[in-house]
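Notes for the structure review
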Amino acid sequence: MQHLIILPVLLPLLTGVALLIHRGGALTLRRTANVLSTIALVVVGVLLVAESTDDAIRYYAVGDWQPPFGIILVLDRLSALMVMLTSVLALGSLLYACAGDDEQGSNFHGLFQLQLMGINGAFLTGDLFNLFVFFEVLLIASYALLMHGGGKARTHAGFHYVALNLLGSMLFLIALGILYGTMGTLNMADMSAVVTTLDTADLGLVKAGALLLLIVFGLKAAMLPLYFWLPRAYAAAPAPIAALFAIMTKVGIYSIIRVYTLIFGEQAGPLANLAQPWVWWLGLATLALGAIGVLSARDMRTQVAYLILVSVGTLLAGIGMHSEAALGALLYYLIHTTLVSGGLFLLVDAIAQQRGKAGARIVQSRTLAQPAILGLMFFAGAIAMAGLPPLSGAFGKAMLLQSATTAQQHWLWPILLGSGLASLIALSRTGSTIFWRASGEKTGVTLGPLRVTGTLMLISCAPLMVAFAGPITAFTQATAAQLLDRDAYVESIIARGDTGGDA
Amino acid sequence: MSLLLIVLLPLLGSLLPSLSSNQRRHQCALLTAAMPLIALLVTLRETPGVIAGEVPRLAFSWVPALGLDLALRLDGLSLLFVLLILGIGLLIILYARHYLSEADNMPRFYAYLMLFMTSMLGIVMADNLILLWMFWELTSLSSFLLIGFWSHQSAARKGARMALAVTGMGGLALLAGLILIGQIVGTFDMQTVLDSRDVILADPRYLPALLLILLGAFTKSAQFPFQFWLPQAMAAPTPVSAFLHSATMVKAGVFLLARLHPALAGSQEWLYLVSLTGLVTMLYGAYFALIKLDLKTILAYSTVSHLGLITMLFGLNSQMAVVAGLFHILNHATFKAALFMTAGIVDHECGTRDIRKLKGLWRYMPMTTALAAITAASMAGFPLLNGFLSKEMMLAETLETPLLGGLAWLIPVLATIGSILAAAYSLRYVRNTFFDGKPRELEKTPHEASFPMRLPVLVLAIVCIIIGLFPAFSATGILTTAADAALTMPAPELHLSIWHGFNLPLLMSAIALIGGFMVYVLRQHLFTFHRQFPSRNSLAIFEGAVQRLVRFTQWGIDTLENGSLQRYMLWVVISALAVSGMSLMGIETLKGELAVQKADPLLIVGAAITCFAGLATAFLHRRRLISLIMLSVVGLMASLAFARFSAPDLALTQLAVEVVTVILLMLALFFLPQKTPKESSASRIVRDVLLAAGFGGVVASLNYALLTRPLNSISDYFLEHSVSGGGGHNVVNVILVDFRGFDTLGEITVLCIAGIGIYKLLNRLRLFMPSSDSEGRPWSPDRYPMILASVSQSLLPMALLVSVFIFLRGHNAPGGGFIAGLVTAVALILMYIAHGVEWAQQRLSFQYQPIAVSGVAIATLTGVGSWAFGYPFLTSAFGHFHIPLIGDVELATAMLFDLGVYLTVVGATLMILANLGKVTTSHRPSKQKEKA
């Protein structure tokens, strides 16, 4: 199918627009439309991943303007993977939201789809300015969704979130101006080709632009010291939105991987791999800080938010390690952490609903209405996030540990293993308080089928990713190899541009 | 395949109990026991082959990237442990059936127990280092659940968490160590690793790897200084202690020492680290076993002591010592599991485990007394029982060791002291509990436990006796096979017998027994001496440490994340400044090749005004209205600059955007607090000024550098193809709606979402509305000034006409949907301002959201339309058509797209402004109205 590549953008856009034209309307119809569209997106994601496995890099020239002149969407293993990951996470969150969270404010379903459009667009686009546009789409949509349901905490956290991200957008524009002003193009493949022919007098300028981009992506990814928006925003967001936000930091991670392997990768002469050292040290710092945050959390939502920060640090350190093995390992870890932390946000909300006034706070309270299933899911989710076997987190971490060089081992091993231990101590405290220290009669509402399905779907990815770890790691390793084969990428886009590319 | 069955059947068994219920307890226990029983039979079927020297192995590739295979082996070492785990496990299932009370959730207990059994079997059968580690951590996790089973008890919860933290930490260290070994050898395959001792010992990474692995083993096997978690884990139900803390979990550490013995042992480091740790632990544990008052705690410390003994044996770098260690693993498992079960019986029947309250129980439970006496005698190393044999082998080995060189005589002496203490605490355990007078202060009258509860103890006691009496017949086979595996070479010939003639070890044994008796008799002196030490509760220490850690991290996080947006922004700006400033410093000359344009007076004046207005905006920020006006001057100058430098489209857009944003800000001004907050401190002002100036300087430098450099870009292509490919003469517009129409589509989506989002935000907002200014003057009663009303009304049709004109000419001359949309929006907004929301809404009775959304829809569908012609999304088409009366008209699909842009801009802008305006009107439901 020729237009498959653009469907992850168009499908949610059309659904979103259709859902937004009228503010009112039957809720069931909206839910059905949203769920069906998201399921279709999962199918599209699977098809894209299947298509990408032949290692060819395909592109879709929007408006039939060939690269580098028009905007292209590029399908390779990484973009296909990210799109599929987004859709699976979205489906889980959406099912949970359909149990009632969607009624807390207006226009939930339409905005949800537009959010997906923004995320998918960011993963697919092969044009740096277009990436900016999709960053804006996902930022404004996420801000609107963060406000869903209202309340003082959300408004406060949301303001910090949007203000910092708008500052990031401004820096993004400055960086784009610098890069276009020196390289004369914003098509990423074209930039990758141009960067090898740069005049030495321009190198400093390009470097400024490239590093400013790192600030922007680092802000999105929640890298230290740019992470400040994350803990409160994630803790304040409505549960299904917080779950969906698990992919948001990964947009930053993705952009860092893409830009600093494709454009400023191995081949970039004096600018080669200029971001990796920064990312390595800041990633380690983020990891350590995340672990401290996990220990300090007084509230389950905040705790999960800091767990996300731990995973961000892990991923950044993985990028900083700068090897094919590390890249393959971190991509496996990325899939795991996105899905499981999303599931944990849902789970924590479900738990909080059964604890009366105690809510998500980590304090003694009454017995949950469904201690067995919630406890099982919490146990699984906590093990996976702390990186203990037999669940997926352990595999990702073990692969990352293995792929470190001797010099990197000295830093990565103690920090990564130490953060695992900190998470273990913190999560065992939380679990013990919530499930064991509870007393009194069971009260509160039981979870409906939608909430159980949504949460279970995401949490069960942890064991599933273990069972199918062989094929998944094979895919992520091939993805890493493809990312580092920058010539193949450039050739399949620029060379084919003359003959008129077929999507 | 049978290997997989041995591991997986108990895993299946962990699911089966949930089929039953707490009421049907027999059924539940039988269901649970079925799977390990089958697994045991499978193992027994394999046993003759293994003893004959076969090593059944099985391997499936699982995660090649991780070096992880689903690989299992059943060599002699595994066999010994598998038999112990399954055999004792089955006895525990029987015991637990009668031990657990009605209130305990039996299916859950059995499920945890089976999960633990699976992971233990996995450890001993793993044929891959990573797989071993996975099962290793799984034992920590499942034991967490088991120790905390009685979760209503604080001690159980804390004990479980402490055990998890300590063993979990060891597990993480183990992972690091195993990865190092794997990297030295090049594979995680067990056999290859075991065969690579020379490579491993020669590698510089040997020492770190050894330390990390030992950390794992020592934490698991409760070796000094990590022994503290084991006594606290006694909060677990007794079947758990009998299984985990005698036969299995704590044996995992010494199993690892045995398993990796061929690969790691033989060095001086190994000798000293392992054997001395073991020796210290043995003495430490034995001493505290003699001191403690709780039956299970006594047994826990004796376990610590015996594990130390085994560890020491594995450390001695002697083949016979390894055999002795394995033998003692077997013996300790039997007598200690039995002893724990007797302690459980006492607890169950008397309601206490306090040795001060218990006395003379033999009157009430003679059978249990007999069993406890036999097994405790074995623990003490009494002849004719299995404990005697392995203890004597141990003593014999200590005589041979080269450890400590000239001070080597210390080792046997200390080992004998350990044995003396062991004899003493064994005697104390039996005599103080079952003899020595009559019980006092018991909550209930004790009676003999039911037969099924005693049966497991009986079986183990018989095993103790059989091995003790006929060691050659009963133990040699399996022991030799296990030793072969642990040494990866034929073990030294083993002559197990009760009588070796008069020799030094026998003398030491005799000293141990007699000395033990004497220590027991004189124990009160020891207790008195020990009371001088302050008592330390490791649980409280651990909990206190964790809580201090948590408080410290909370302090750290609260200090860092103080909730100030200014601080967060500061970090972003500093980061950006650092990277861009650093890059700029790397440039030799900022100025490029292009000549700088001459400054004419007009430009200078313009620049001066802009600078002045910019500075005024900043300086007058406390007088908001003036500051805002100054800001609008900056915007106006920017649009003039665009016009001056031949960018009419930009100038128009900038102007329109400027108008709309200023109106927006004016509306927002109304809601700001009337009193501005305190001025920042002087140092803060200095900081902010420096930062702002620095950032401005850097951006200006970047601009200067860029503008003075020649640019070779793709924009020429757009100029060339604008007419031929896009059908328009206005390149800017063609870029917006055609070349990069996809960007525009994204941006109008942003605008649309912004409108909807602001509606979402303001919809429920309740703002304080002052009725007067800060000095108490009421707002002007003239809300809708007459002149503005009439002017705006007459302007409206003209403005609309202008916007249509701008829209239509857009493709070829400055203009387009975006600007036209803004013009329309401004005209409509003026109506709101002049007449109020109520008036305007009566006349403009349509919703804005559908307008904005349908704009996006039109633009999207225009793009999708090109699919019908076989082109990619958003491919444009255009042509010249002759329409009668009007003449030649150029129509392009891009115009339809532009219509979408127009509608979105109008809809979204009005949504934002009208909603913000609405917050101020009486329209919004106020509290007074609700009350009325």
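Quantities reported herein were computed from a predicted structural model and do not represent experimental measurements. (Residues numbered from 1 in each chain as written. Chains lettered and ligands numbered in written order. Predicted model: local features only at pLDDT ≥ 70, side-chain atom pairs only at ≥ 80, totals over all residues. Heavy atoms only, no water.)

1. Observations regarding the packing of aromatic side chains
Using the criterion set out here, one finds 43 aromatic pairs over all chains in the structure. Between Tyr112 of chain B and Phe149 of chain B, the ring centres sit 6.4 Å apart and the planes meet at 85°, which makes this aromatic pair edge-to-face. Of the two residues, Tyr112 of chain B sits in helix H4 (residues 106-125) while Phe149 of chain B sits in the loop between helix H5 (129-147) and helix H6 (154-185), which places them 37 residues apart along the sequence. Pair check on accessibility: Tyr112 of chain B and Phe149 of chain B agree, each one buried. By way of ring pairs, the aromatic residues Trp65 and Phe69 of chain A together with Tyr717, Phe718 and Phe739 of chain B are connected into one cluster. The cationic tip of Arg451 of chain A hangs over the ring face of Tyr96 of chain A; the distance from NZ or CZ to the ring centre is 5.0 Å. Sitting over the face of the ring of Phe645 of chain B, Arg644 of chain B holds its NZ or CZ atom 5.7 Å from the ring centroid. (Phe/Tyr/Trp six-rings, centres within 6.5 Å; stacked < 30°, edge-to-face > 60°. Helix = DSSP H or I, 4+ residues; strand = E, 2+ residues; numbered from the N terminus. Buried < 20%, exposed > 50% of the residue type's maximum accessible area, 1.4 Å probe, protein only. Lys NZ or Arg CZ within 6 Å of the ring centre and 35° of its normal.)

2. Structural notes on the packing of helix H12 (residues 249-259) of chain B against helix H16 (residues 319-350) of chain B
All names here are of chain B. Between H12 and H16, the least distance of the axes is 11 Å, while the angle of their chain directions is 165°. In terms of orientation, H12 and H16 fall into the roughly antiparallel class. For the pair H12 and H16, the sense of crossing is left-handed. Side by side, H12 and H16 meet where Lys251, Val254 and Ala258 of the first sit next to Leu326, Ile329, His332 and Ala333 of the second. Taken together, the residues that form the contact of H12 with H16 break down as 5 nonpolar, 1 polar and 1 charged. (Axes fitted to C-alpha atoms, helices over the stretch in contact; angles between N-to-C directions. Parallel < 35°, antiparallel > 145°, perpendicular 65-115°, else oblique. Left-handed = near helix turned anticlockwise from the far one by under 90°. Contact = heavy atoms within 4.5 Å. Nonpolar A, V, L, I, M, F, W, Y, C, P; charged D, E, K, R; others polar.)

3. Topic: the pairing of strand S1 (residues 58-61) of chain A
Residues and elements named next belong to chain A. Because side chains alternate across S1, one face comprises the buried residues Arg58 and Tyr60, and the other comprises Tyr59 and Ala61, equally buried. Two strands pair when backbone bridges link them, and S1 and strand S2 (residues 72-75) are joined in this way by 4 bridges, in the antiparallel orientation. Within the sheet, the bridge partner assigned to Tyr60 lies in S2 and is Leu73. (Pairing = 2+ DSSP bridges.)

4. Overview of the confidence of the model for chain A
Confidence along chain A averages 91 in pLDDT terms, with 98% of residues attaining 70 or more. Contacts of residues 496-503 of chain A to residues separated by more than four positions or lying in other chains number 18 contacts, the stretch itself having pLDDT below 50. (pLDDT = per-residue confidence, 0-100.)

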